[in-house]
Amino acid sequence: MYSFLANIREKALIPFIESSPVVRDHTRSTKRGLIQQAGMSLIEIIIVIALIGVIMSIVIGSLTSQQDEAMKDAARLAMGK
């Protein structure tokens, strides 16, 4: 029974889904219904890599400055101040 309801819902939504500009670019229609095409565009991958690089540069900069402060504190303690 549930598969029957799912088929009715799917058939009712297919014209709406196919007309959507966002979905239309990433799906293709067959006799069985819509097939989602997997994958990312090159520009999306480049943007993700750039964001990861920016985040990593911030993290690495923060860690090195904390390491420098720790070394200075260790030297101060060793000098007895």
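It should be emphasised that the depicted structure is a prediction, and the values quoted were computed from it without experimental measurement.

Asker: What should I look at first to understand the overall build of the chain in this one?
Answerer: Across its full length, the chain carries three helices and two strands. Each helix (α) and strand (β) of the chain, taken in turn from the N terminus, gives the series α-α-β-β-α. Taking all 81 residues of the chain together, the buried fraction comes to 4%. Roughly 7,400 Å² of accessible area belongs to the chain as shown, and the carbon and sulfur atoms make up 67% of that amount.

Asker: Got a minute to help me understand the pattern of salt bridges in this structure?
Answerer: Oppositely charged side chains are able to pair whenever their charged atoms sit close together. Counted under the stated rule, the structure contains one salt bridge. We note a salt bridge from Arg76 to Asp73, for which the minimum N-O separation is 2.9 Å. On the criterion of helical spacing, the pair formed by Arg76 and Asp73 is a turn pair, its members being three residues apart in helix H3 (residues 42–79).

Asker: Hey, could you run me through H3 in this one?
Answerer: Because each turn of an α-helix spans 3.6 residues, side chains separated by three or four positions end up pointing in the same direction. The end-to-end C-alpha distance of H3 is 56 Å, a good match for the 56 Å that 38 residues give at a rise of 1.5 Å each. One or two steps after H3, the chain reaches Gly80, where phi turns positive at roughly 90°.

Asker: Looking at this model, I keep getting lost on a nonpolar patch on the surface. Mind explaining?
Answerer: Together, Met40, Ile45, Val48, Ile49, Ile52, Met56 and Ile60 make up a nonpolar patch on the protein surface, roughly 650 Å² of accessible area in all. Residue Ile45 is classed as partly exposed on the basis of its relative accessible area of 36%.

About the thresholds
Residues numbered from 1 in each chain as written. Predicted model: local features only at pLDDT ≥ 70, side-chain atom pairs only at ≥ 80, totals over all residues. Heavy atoms only, no water. Helix = DSSP H or I, 4+ residues; strand = E, 2+ residues; numbered from the N terminus. Buried < 20%, exposed > 50% of the residue type's maximum accessible area, 1.4 Å probe, protein only. Areas by Shrake-Rupley, 256 points an atom, 1.4 Å probe, with all protein chains shown as cover. Salt bridge = Lys/Arg side-chain N within 4 Å of Asp/Glu carboxyl O. Expected span 1.5 Å × (residues − 1). Patch = residues over 30% accessible without salt bridge, like charges linked within 9 Å, V, L, I, M, F, W, Y side chains within 5 Å.

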